[in-house]
Amino acid sequence: MTDPVDLKAIEEHRKNPFKIAQAQLQEANKYLKLAPGTLATLMEPLRELHVTLPVRMDDGKVKVFKGFRVQYNDARGPNKGGIRFHPDETIDTVRALAAWMTWKTAVVDIPLGGGKGGIICDPKSLSTGELERLSRQYVRQVGRIIGLDKDVPAPDVYTTPQIMAWMMDEYYWQKGFNEPGAFTGKPLEVGGSQGRGDATARGGIYCTREALKLLGMPQDKNTYAIQGFGNAGQHAAVLMKELLGESNKLVAVSDSKGGVYNEAGFEPQHLLEHKMATGSVVGFPGAKPISNAELLELKVDVIFPSALENVITGDNAPRIKAKISCELANGPTTPDGDSILCAQKTFVIPDFLANAGGVTVSYFEQVQNGANYFWSIEEVHERLDTKMTKAFHDVYAAHKQYECNMRIAAYIVAVRRVARAMEIRGWV
Ligand code: GLU
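If you're wondering where the values come from, they're calculated on a predicted model, not measured in any experiment.

(A) Representation of the state of the cysteines in the model. Taken as a whole and assessed by the stated rule, the structure comprises zero disulfides. Here Cys 207 is not cross-linked by a disulfide; its sulfur's nearest cysteine counterpart is in Cys 326, at 6.4 Å.

(B) Here's a closer look at the packing of aromatic side chains. In the structure shown here, the tally under the stated rule is 14 aromatic pairs. Between Tyr 31 and Tyr 402, the aromatic rings sit 6.0 Å apart at their centres with planes inclined by 80°, giving edge-to-face as the arrangement. Remark: Tyr 402 occurs in helix α14 (residues 377-402) and Tyr 31 occurs in helix α2 (residues 17-32); sequence separation between them is 371 residues. Ring geometry for Phe 347 versus Tyr 396: centroids 6.4 Å apart, planes at 40°, classification tilted. With Phe 347 in strand β12 (residues 347-349) and Tyr 396 in helix α14, this residue pair connects regions lying 49 residues apart in the sequence. Across this residue pair, the class does not change: Phe 347 and Tyr 396 are buried. Its end group placed over the ring of Trp 375, Arg 383 keeps NZ or CZ at 4.1 Å from the ring centre.

(C) Region of the structure containing the site of the ligand. Around the ligand, the structure places 14 residues, and the nearest of them are Lys 80, Lys 104, Pro 155, Asp 156 and Ser 362. The separation between a nitrogen atom of the ligand and a polar side-chain atom of Asp 156 is 2.6 Å. If the ligand stood free it would expose 290 Å²; the protein chains cover 95% of that surface. Every element with two or more residues in the shell around the ligand is listed here: β3 (79-86), α4 (91-107), β5 (151-155) and α13 (357-371). Taken together, the residues of the shell around the ligand sort by class into four nonpolar, five polar and five charged.

(D) Summary view of the nonpolar core. The biggest cluster of nonpolar side chains holds 89 residues, and the ones touching the most others in it are Leu 42, Trp 103, Leu 271, Phe 304, Ile 349 and Phe 392. With 13 residues, the single largest contributor to this core is helix α15 (residues 406-425). Apart from the residues within four sequence positions on either side, Ile 349 is in contact with Cys 207, Thr 208, Ala 211, Ile 324, Ser 325, Cys 326, Glu 327, Ala 354 and Phe 392. Among the nonpolar cores identified, the runner-up in size contains 24 residues, and Ile 119, Cys 121, Ile 163 and Tyr 171 belong to it.

(E) Main features of the side chain of His 86. With respect to the helices, strands and loops of the structure, His 86 is situated in strand β3. The class of His 86 is buried, set by a relative accessible area of 10%. At 3.0 Å, the side chain of His 86 forms a polar contact with the backbone nitrogen of Asp 88.

(F) Local environment of the packing of helix α7 (residues 199-214) against α14. Running from N to C, α7 and α14 point in directions that differ by 50°, and their axes come no closer than 9 Å. As judged from the angle between their axes, α7 and α14 are oblique. The way α7 lies across α14 gives a crossing that is right-handed. Between α7 and α14, the residues in contact are Ala 199, Arg 202, Gly 203, Tyr 206, Cys 207, Arg 209, Glu 210, Ala 211 and Leu 214 and His 381, Leu 384, Asp 385, Met 388, Thr 389, Phe 392, His 393 and Tyr 396, respectively. Each residue belonging to the contact of α7 with α14 can be placed in one class, and the counts come to nine nonpolar, four polar and four charged.

(G) Geometry of the packing of α4 against α15. α15 packs onto α4 with a crossing angle of 90° between their chain directions and a minimal axis gap of 8 Å. If you check the angle between α4 and α15, you find them roughly perpendicular. Residues Trp 100, Thr 102, Trp 103, Ala 106 and Val 107 of α4 touch α15, and the partners they reach there are Ala 410, Tyr 411, Val 413, Ala 414, Val 415, Arg 417 and Val 418. Of the residues that constitute the contact of α4 with α15, the class distribution is 10 nonpolar, one polar and one charged.

(H) Up close: a nonpolar patch on the surface. On the surface, a cluster of nonpolar side chains totalling about 240 Å² of accessible area is made up of Leu 46, Trp 427 and Val 428. For Leu 46, the location among the structural elements is in the loop between α3 (36-42) and β1 (47-56). For Leu 46, a relative accessible area of 33% gives the class partly exposed.

(I) Here's a closer look at the sheet that holds β3. A sheet is described by the order of its strands in space; here five strands give the open sequence β1-β2-β4-β3-β5, paired in mixed fashion. Pairing within the sheet leaves two strands with one partner each, and these edge strands are β1 and β5. Neighbouring strand axes in the sheet, compared pairwise and without regard to direction, differ in orientation by 25° on average. Inspection of the sheet shows β3 paired to β5 by five bridges, in the parallel sense. Of the residues in β5, the one forming a bridge with Ile 83 is Pro 155.

(J) Layout of the pattern of salt bridges. Under the definition given, this model contains 30 salt bridges. Measuring nitrogen to oxygen at the nearest pair gives 3.1 Å for the salt bridge that ties Arg 417 to Asp 394. Of this pair, Arg 417 sits in helix α15 while Asp 394 sits in helix α14, placing them 23 residues apart in sequence. A salt bridge links Arg 420 to Glu 423; its shortest N-O distance comes to 3.5 Å. Placement of the pair is Arg 420 and Glu 423 together in helix α15, with a separation of three residues, close to one helical turn. Judged by its relative accessible area of 33%, Glu 423 is partly exposed.

Each value, and the rule that gives it
- Residues numbered from 1 in each chain as written.
- Predicted model: local features only at pLDDT ≥ 70, side-chain atom pairs only at ≥ 80, totals over all residues.
- Heavy atoms only, no water.
- Disulfide = S-S within 2.5 Å.
- Phe/Tyr/Trp six-rings, centres within 6.5 Å; stacked < 30°, edge-to-face > 60°.
- Helix = DSSP H or I, 4+ residues; strand = E, 2+ residues; numbered from the N terminus.
- Buried < 20%, exposed > 50% of the residue type's maximum accessible area, 1.4 Å probe, protein only.
- Lys NZ or Arg CZ within 6 Å of the ring centre and 35° of its normal.
- Near = heavy atom within 4 Å.
- Polar contact = N/O pair within 3.5 Å; in protein donor to acceptor, adjacent residues only side chain to side chain.
- Areas by Shrake-Rupley, 256 points an atom, 1.4 Å probe, with all protein chains shown as cover.
- Nonpolar A, V, L, I, M, F, W, Y, C, P; charged D, E, K, R; others polar.
- Core = buried A, V, L, I, M, F, W, Y, C linked by side-chain atoms within 4.5 Å.
- Contact = heavy atoms within 4.5 Å.
- Axes fitted to C-alpha atoms, helices over the stretch in contact; angles between N-to-C directions.
- Parallel < 35°, antiparallel > 145°, perpendicular 65-115°, else oblique.
- Left-handed = near helix turned anticlockwise from the far one by under 90°.
- Patch = residues over 30% accessible without salt bridge, like charges linked within 9 Å, V, L, I, M, F, W, Y side chains within 5 Å.
- Salt bridge = Lys/Arg side-chain N within 4 Å of Asp/Glu carboxyl O.
- Pairing = 2+ DSSP bridges.

Okay, here's the thing in structure tokens:
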């Protein structure tokens, strides 16, 4: 008798973000044909630190949290990447995100490697004081592997400029001197950069603009839907109109509590005000309710998956009708989802290209911190546009040359750069 098949384990394996990241790399290697030692090195993080974080809560008791920092690969420069605070955080999610950061910094060709951090916690249930103590405790633990020339954290899901300010400050007390460039995404008052706040979304809209041109679609007559109304999604809602034309129509938006649909279109600012007042877009006056899953299947020109991983899979991909999927989230599409999108000719702007604007302006922040001289918002926007447009066309050229999908093309461009750096340094 054979053992019963554990369907749950198979499903978990299929959706494990690190397994997915590794599978994507192996797929790209069919074209890259890296030396076996080079591939094997790129399949794993170079270093990782697992930490235990005792934090005094407001009720006087100590609660113990778990956290991680993964330094995936720093052959092209110091590790770089955000820190997530999320109840479902796992080491494999952080590993995947750190791998994607490595490819992200390489695809936009900035001299940095890839890292990621995470704490298993529900930030929505913590008071401001608890959040500050948890953030500082994390730096007490990971501070030893952080630094301008080692590893530079930034905000990510549920972490904010204020959290970066606490972390940068704790690092200052640890070191005994100011090293503002060791954290990016800081508030302007303590060394942040102009234009960092909306940079992730802005980079994605620059890519969307280029995709619309290539597909022969107008810039300003598109309908669009946004899944996830956090930092990336909120700014994308506004910038799709501001940068590409006010007549672009936002017909649906969702967040973790649900979504809203209006065929006549929303004014993004009104949705933002409603979310500020109520904590969600749900219940926006005059709109029909829509689920996160339904939103992705709407017949619109562009969808922006801007929340978490694994929302477009083999199950729902056949029902996706958008012409363009601009992935502002990290890892929203599984490999089986990808194959279907590719076969039905949905134009995917893959995550680590589409959302690279954030880390690009983080890099600008570091450069400005190093010079202790700050640029105007216009300079930031212009330099970001140059970087994103070049990266988009590098990836598109690989997509044409190798006749592969845009994600694998992005891997080809990025992984080749990292592999080359490892070879020149003599690592492999
Ligand atoms: N967390 C963002 C990302 O996933 C930004 C990282 C950074 O600025 O270092 O790209």
